[in-house]
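# A closer look at the structure
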Amino acid sequence: MSADPANRSLLRAALGHPAFVIGLSLSALFIVLALVSFIWTPFDPTKLNIANKLKTPSLENWFGTDHFGRDMFSMIMVGARVSIAVAFVAVGIGVLLGVPLGLYAAARRGSLFDEIIMRGNDLVFAFPSLLLAIMITAVFGPGAVNAIIAIGIFNVPVFARLARGAALSLWTRDFVLAARVAGKSRVRISAEHILPNIANLLIVQGTIQFSLAILAEAALAYVGLGAQPPLPSWGRMLADAQTLISLAPHMALFPGFAIIITVLGLNLMGDGLRDLSDPKLRRGR
């Protein structure tokens, strides 16, 4: 019962945070579109209809049609599914691999393992993320699976470094020292005491990496290394539109806006979560 007032206070703070509300609404919009696309789209996004090509937006085709006569709105719905799925799995790889590595490196600070993890992070960060993703997909071939692996690899050191840095600041705290005196192992302390206290930081970083993963997937698809036809992708829709921008600007505008709005929503939601997770920032509002 004592948690109810705290939960209500947090809910009021969330609803009173414009950036969080706007970001959550925009993100939810595209998540809903992606989920709905599994069971319904206005038209078959893979069906070619040359007689209906390059139609401007209308009541029949809300976002118009592309150079093959495919419905743009249906393609954006399915493209949302692809982008969100790739980003979700890629960020998941980063969290599942990076966080345990970072926590264990913090628990063994100064050890050979810690040094290997940190120098490995430096090695990955030495390459621009998009360049690294292009290199991996170019070597192993284009496709959504390889795009996920490429983006996920870059996310691992991001979460490892964040988890290590946040954990190091907690290892000198009294509650951790008490757990060590009680005979708990470093792994158990990391799981039971450290991880719950850095979860907010990881969630905020997760929203940021999610938006970056959507941008990376779109960039890979743009150069032909992401999801392959006939599966629609926002990045490939932009690539198809680049030579027809003067004849059919809607082909570039709508997938471009989809990327911008989704990334903006995720970033606003991340900023809101950062404020809500910090008591000092929350009190200052």
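Up top you'll find the structure we're talking about.
Throughout what follows, the structure given in this document is the object of discussion. The structure displayed is predicted, hence computed values, not measured ones. The written sequence of each chain sets the order in which its residues are numbered from 1. Where totals are concerned, whole chains, interfaces and linings use all residues; where local detail is concerned, this predicted model gives features only for residues with pLDDT of at least 70, and gives and counts side-chain atom pairs only at 80 or more. Side-chain descriptors were evaluated using all non-hydrogen atoms of the structure, hydrogens and water having been removed beforehand.

## Observations regarding the overall build of the chain
To keep it simple, the criterion reads: Numbered from the N terminus, helices here are DSSP runs of H or I no shorter than four residues, and strands are runs of E no shorter than two. Accessible area is worked out with a 1.4 Å probe on protein chains only. A residue is then buried under 20% of its type maximum, exposed over 50%, and partly exposed in between. Contacts were defined at the residue level, with two residues in contact if any of their heavy atoms lie within 4.5 Å. Working definition of accessibility: Shrake-Rupley area with a 1.4 Å probe, residue cover restricted to the visible protein chains. Neither His nor the chain ends is counted toward charge; the positive residues are Lys and Arg and the negative residues Asp and Glu. Lysine's charge is taken at NZ, arginine's at CZ, aspartate's at CG and glutamate's at CD.
Scanning the chain from terminus to terminus reveals 11 helices and 0 strands. Along the chain, from the amino end to the carboxyl end, the secondary structure elements read α-α-α-α-α-α-α-α-α-α-α. Viewed in the frame of its principal axes, the chain has a C-alpha envelope of about 75 × 50 × 30 Å. Burial status across the chain gives 44% buried among its 285 residues. For the chain, the proportion of contacts with a sequence separation of at least 24, taken over those separated by at least 6, is 69%. As displayed, the chain has an accessible area near 14800 Å², and 69% of this comes from carbon and sulfur atoms. Distance between charge centres in the chain, computed from 23 positive and 15 negative side chains, equals 7 Å.

## Things to note about unusual backbone geometry
Residue Pro 229 is joined to Pro 230 through a cis peptide bond whose omega torsion reads 10°. Note that Pro 230 resides in the loop between helix H8 (186-222) and helix H9 (234-241).

## Focus: helix H5 (residues 129-140)
As a reminder, the rule being used: Every helix has an expected span of 1.5 Å times one less than the residues it contains. Comment: arc refers to directions from the helix axis out to C-beta atoms.
Here H5 contains 12 residues, and its C-alpha end-to-end distance of 17 Å stays within 8% of the 16 Å for a straight helix at 1.5 Å per residue. Every buried residue belonging to H5 is among Leu 132, Ala 133, Ile 136 and Thr 137, and all of these are buried. Mapping the buried residues of H5 onto a view down its axis gives an arc of 125°, with all of them on the same face. More than 90 degrees from the buried face of H5, the exposed residues found are Ala 138 and Val 139. Tucked inside the fold, the buried residues of H5 contact helix H4 (112-125), helix H6 (144-168) and H8.

## Some words on the packing of aromatic side chains
Spelled out, the test is: In summary, the pairing rule links any two rings of Phe, Tyr or Trp, Trp by its six-membered ring, whose centres are within 6.5 Å, and it sorts them by plane angle into stacked for under 30 degrees, edge-to-face for over 60 and tilted for everything else.
Applying the stated criterion to the full structure yields 6 aromatic pairs. Between Phe 30 and Trp 234 the ring centres are 5.7 Å apart and the planes differ by 80°, which places this aromatic pair in the edge-to-face class. Of this pair, Phe 30 sits in helix H2 (residues 18-36) while Trp 234 sits in helix H9; the two residues are 204 residues apart in sequence, bridging distant segments of the chain. Ring centres of Phe 125 and Phe 154 lie 5.7 Å apart, and the angle between their planes is 85°; this geometry places the pair in the edge-to-face category.

## Brief notes about the pattern of salt bridges
Any two side chains of opposite charge can pair, given that their charged atoms come close. Stated precisely, the cut-off is as follows: Salt bridge, as used here, is a side-chain nitrogen of Lys or Arg placed within 4 Å of a carboxyl oxygen of Asp or Glu.
For the structure shown, the criterion picks out 8 salt bridges. The closest approach of N and O atoms between Asp 122 and Arg 161, which form a salt bridge, is 2.5 Å. Of this pair, Asp 122 sits in helix H4 while Arg 161 sits in helix H6; the two residues are 39 residues apart in sequence, bridging distant segments of the chain. Residue Arg 161 is classed as partly exposed on the basis of its relative accessible area of 34%. Where Asp 275 meets Arg 274, a salt bridge forms, and the shortest distance between an N and an O atom there is 3.1 Å. On the basis of relative accessibility, which here comes to 42%, the residue Arg 274 falls in the partly exposed class. Bridged by salt links that share partners, the residues Glu 115, Arg 119, Asp 122 and Arg 161 form one connected network.

## Observations regarding helix H3 (residues 72-107)
Put simply, the rule reads: A residue's bend is simply the angle between two axes: one fitted to the seven residues ending at it, one to the seven starting at it.
With 36 residues, H3 extends 51 Å from end C-alpha to end C-alpha; this agrees with the ideal 52 Å at 1.5 Å per step. Taking the largest bend as the criterion, H3 deviates by roughly 25°, centred on Gly 98, and proline Pro 100 comes between one and four positions later.

## A short note on the nonpolar core
Spelled out, the test is: Nonpolar cores were defined as sets of buried Ala, Val, Leu, Ile, Met, Phe, Trp, Tyr and Cys residues, with membership established by side-chain atoms within 4.5 Å.
Residues Ile 151, Trp 171, Ile 194, Ile 198, Phe 210, Ile 214 and Trp 234 are the most contacted members of the largest nonpolar core, which totals 66 residues. Among the elements that make up this core, the one with the highest residue count is H3 (16 residues). Discounting chain neighbours no more than four positions away, the residues touching Ile 214 are Ser 83, Ala 87, Trp 234, Thr 262, Val 263 and Leu 266.

## Some thoughts on the environment of Ala 227
Residue placement: Ala 227 occurs in the loop between H8 and H9. The residues contacting Ala 227, other than those within four sequence positions of it, are Val 82, Gly 143, Ala 144, Glu 217, Ser 233 and Arg 236.

## Details of a nonpolar patch on the surface
Rule in force here: Residues form patches when they are more than 30% accessible in relative terms and have no salt bridge. Like charges link within 9 Å. Nonpolar side chains (Val, Leu, Ile, Met, Phe, Trp, Tyr) link within 5 Å.
Residues Ile 31, Leu 35, Phe 38, Ile 39, Trp 40 and Trp 62 make up a contiguous nonpolar surface patch of roughly 730 Å² in combined accessible area. If you trace the backbone, Trp 62 turns up in the loop between H2 and H3.

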